[in-house]
Amino acid sequence: MRLIIVFLLFMNCIWAKDMRATYRVSFGIFGKIGTAQTLLHVEGKKYKIKVHAKSTGFASFISGDRQEWYESQGEIKDGRFLPDFYKKIVQREVNVGDAFSTKTKTEIKRYTLIYKFNHKTKTIIATKIKTEGNSRSEHSEKVQFYTNNDLLSLFFNFKKLFPSLNIKKHHILHAVGADKNTGKIDLFPASKKEFSKLIGGDMKGLKFMKVILSDKIFASKKGELYLGLNENGFCQKAVLKDVILFGDIRGELVEKNY
């Protein structure tokens, strides 16, 4: 499921050459509806983050086997990730054919969004590419704001920004991939009681927060996330509120290797 990507973002940056993590996402009686895998590769002063999220079972059926890919590349400067390139791809299958005929065929519909950063001039260029069957369109434009983070690099930098992981007041962050007009992300404290009502289970050792991405990201109303981070800074549990067709979606870390 496409929303899984957000759960992957709130993980501590492990300073190893390779790090992988897998999350399982579920919804009520439907059980598992998606999985996602993320990879961090560091070589010298260069980094690359890749995430692949896909729907499964019932969610795959109603979403047209929807898959999403995210990628951030750049350099490591002063202990933080500084992106040069950020890409998002959303792909699904659509049925096409004559409305007056029973004959239809399946085509791949793909939406690609590429951001290129110029930190010297403090500008970002966004290129949007849409393809459906043999049809293709492309458009580039300057982003209305500048930030030195994309959504992936920001949250892999999260432990650097908040070493204690204790969020005690409202913070405003910015990243390409959040609100399309401002890049704004709102970060709020959240209580254990508030979180346990949403997801339940073992809450021992977790620290809690609420994140609003200020956009209808991942088919949610406003990208409202409740997060439970373990002592290592990994997102152990998460809830994405008010997702179209599903309501509240729950995610949980099931495997990590580094």
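(A) Spatial organisation of the pattern of salt bridges. Applying the stated criterion to the full structure yields three salt bridges. For R136, the salt bridge goes to E138, with nearest N and O atoms at 3.0 Å. The exposure class of R136 is exposed, given its relative accessible area of 53%. Here D186 and K184 are joined by a salt bridge, their closest N and O atoms 3.7 Å apart. On the accessibility criterion, D186 (8% relative accessible area) is buried. Look at K184 and you get partly exposed, because its relative accessible area is 30%.

(B) View of the environment of L151. Along the chain, L151 falls in helix α3 (residues 151-156). Residue class for L151 comes out buried when judged on its relative accessible area of 2%. The spacing of L151 and H174 is 23 residues in sequence and 8.5 Å in space, taken between C-alpha atoms.

(C) Summary view of unusual backbone geometry. Here D78, not a glycine, exhibits a phi torsion of approximately 55 degrees, which is positive. Within the fold, D78 resides in the loop between β4 (67-77) and β5 (80-97). In this structure, L165 is a non-glycine residue whose phi angle is positive, near 65 degrees. Mapped onto the elements of the fold, L165 is located in the loop between α4 (158-161) and β9 (171-174).

How each quantity is defined
- Residues numbered from 1 in each chain as written.
- Predicted model: local features only at pLDDT ≥ 70, side-chain atom pairs only at ≥ 80, totals over all residues.
- Heavy atoms only, no water.
- Salt bridge = Lys/Arg side-chain N within 4 Å of Asp/Glu carboxyl O.
- Buried < 20%, exposed > 50% of the residue type's maximum accessible area, 1.4 Å probe, protein only.
- Helix = DSSP H or I, 4+ residues; strand = E, 2+ residues; numbered from the N terminus.

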